[in-house]
Amino acid sequence: MKIAILPGDGIGPEIVAQACRVLEALRSDGLPVETEHGVLGGAAYDRHGEPYPEATRRLVHAADAVLLGAVGGPQYDKLDRPLRPERGLLAIRKDLNLFANLRPALLYPELAGASTLKPEVVAGLDIMIVRELTGDIYFGQPRGIAVNELGEREAYNTMRYSESEVRRIARVAFGIAMKRSRRLCSVDKANVLETTEFWKEIVTDVGREFPEVELSHMYVDNAAMQLVRNPKQFDVMVTGNIFGDILSDEASMLTGSIGMLPSASLDENNKGLYEPSHGSAPDIAGRDLANPLATILSLAMMLRYSFNRDDVATRVESAVKKVLAAGLRTADIYQPGCEKVSCTAMGDAVVAAL
Ligand code: NAD
């Protein structure tokens, strides 16, 4: 298992260090892990003058999976756009052809109080949103701002999906549904948009290859509403890039704790980039305050989706549950009556629980 480690910026190095300790513990138990560190984002700009340097490109191409902390920071905000840390993230996703973004929204019962929704609505929530990441209106041509034939300025983007793009994301989503409770909800706006009517038709067709999975369809406006009304009705959801962008953020906030949420972006061969859903949190960087659990849970996703080691992934997730059940909390998820711990101490506890 060759893993490229890219700590990134801000709290990135702190949280990734804790995930590396978990990996080290698994390695000493016999997991065949090889790791190599590289730079991405602001850290890469500082060292090489660009956010996704050639050395990092070679490193991630040679690896089976990539673990990323987060990129970005105020010191880079004045750079020319192509040099900014976020460009490094876009570049690595594009370069590795990561078209499937997996965003779980899972609420541990101990943290139900952190959600802004009533605990009975969200306790036990466990949704996986599968978002297409490389197509749709974010990339469709033509796009632009121009003067129309009436001499007025107008702006336009194009929502497009090819059949192969829909088929491959649908297959990923059905595959994940097979590993979970075999229910998949495809989200579209087929009543208004031809692109998503086509999406619905192709997803339905792919569904014939997965007769064990119960497929349902929902309009995106209803899905947005149902996610806050009765989120526990969902298991796996699959949708295009723009709807997925919005719904996955909505779903993640049902849990109320951004420091807990992992994510994965996969290519056609299940090679993946794994990273917490949050950013580089410059406001708390370097103070040993960050919550490392989203990164540790991203590592668990890597073991499950890129290395097919459900057993080891479950072991890591169980260790996290144990630590939460014992009442340990970093500042972002702290509640009275619990024990407030640092990033490092949280890492210590997970390694001990393993
Ligand atoms: P952010 O997610 O970094 O922070 C939002 C808030 O959540 C902050 O108060 C932060 O302290 C807190 N927070 C985030 N992660 C936490 C953790 N693990 N533990 C405890 N608290 C945590 O979002 P932002 O402030 O909008 O962005 C900061 C920087 O991160 C920007 O440069 C932005 O471009 C970048 N960013 C990067 C990514 C990425 O690398 N994928 C994603 C989003 C933002």
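Here, the structure is the one placed above.
In this text the structure is predicted, and so the values were computed from the model without any measurement.

*Asks:* Whenever I open this one, the site of the ligand confuses me. Can you help?
*Replies:* Around the ligand, a shell composed of 20 residues is seen, among which E86, G279, A281, D283 and N291 lie nearest. Separating an oxygen atom of the ligand from a backbone N or O atom of G279 is a distance of 2.7 Å. With the chains in place, 67% of the 800 Å² that the ligand exposes on its own is no longer accessible. Among the residues making up the shell around the ligand, the classes are represented as nine nonpolar, seven polar and four charged.

*Asks:* It is not clear to me how the packing of aromatic side chains should be interpreted in this structure. Could you clarify?
*Replies:* The geometry of two aromatic rings is summed up by the distance between their centres and the angle between their planes. The full count for this structure, using the stated rule, is three aromatic pairs. Centroid distance Y45 to Y76: 6.4 Å. Interplanar angle 80°. Geometry classified as edge-to-face. In this pair, Y45 is assigned in helix α2 (residues 42-48) and Y76 in the loop between β3 (65-70) and α4 (85-95), connecting sequence segments 31 residues apart. The ring of F99 has R168 lying over it, and the distance from NZ or CZ to the ring centre is 4.0 Å. The residue whose ring lies beneath K340 is Y334, and the NZ or CZ to ring-centre distance is 4.9 Å.

*Asks:* How do you make sense of helix α11 (residues 310-325) when you look at a structure like this?
*Replies:* Each full turn of the α-helix corresponds to 3.6 residues, which orients residues three or four apart in the same direction. Across its 16 residues, α11 extends 22 Å between first and last C-alpha, which sits within 8% of the 22 Å expected from 1.5 Å per residue. Of the residues making up α11, those classed as buried are V312, A313, V316, E317, A319, V320, V323 and L324. Buried positions in α11, seen along its axis, are confined to an arc of 150° and lie on one side of it. Residues of α11 that are exposed and point more than 90 degrees away from the buried face comprise K322 and A325. Next to the buried residues of α11 lie α1 (12-28), α10 (293-305), β13 (328-329) and α12 (343-353). Within two residues after α11, G327 carries a phi angle of roughly 95°, on the positive side.

The rules we used
Residues numbered from 1 in each chain as written. Predicted model: local features only at pLDDT ≥ 70, side-chain atom pairs only at ≥ 80, totals over all residues. Heavy atoms only, no water. Near = heavy atom within 4 Å. Polar contact = N/O pair within 3.5 Å; in protein donor to acceptor, adjacent residues only side chain to side chain. Areas by Shrake-Rupley, 256 points an atom, 1.4 Å probe, with all protein chains shown as cover. Nonpolar A, V, L, I, M, F, W, Y, C, P; charged D, E, K, R; others polar. Phe/Tyr/Trp six-rings, centres within 6.5 Å; stacked < 30°, edge-to-face > 60°. Helix = DSSP H or I, 4+ residues; strand = E, 2+ residues; numbered from the N terminus. Lys NZ or Arg CZ within 6 Å of the ring centre and 35° of its normal. Expected span 1.5 Å × (residues − 1). Buried < 20%, exposed > 50% of the residue type's maximum accessible area, 1.4 Å probe, protein only. Arc of directions from axis to C-beta. Contact = heavy atoms within 4.5 Å.

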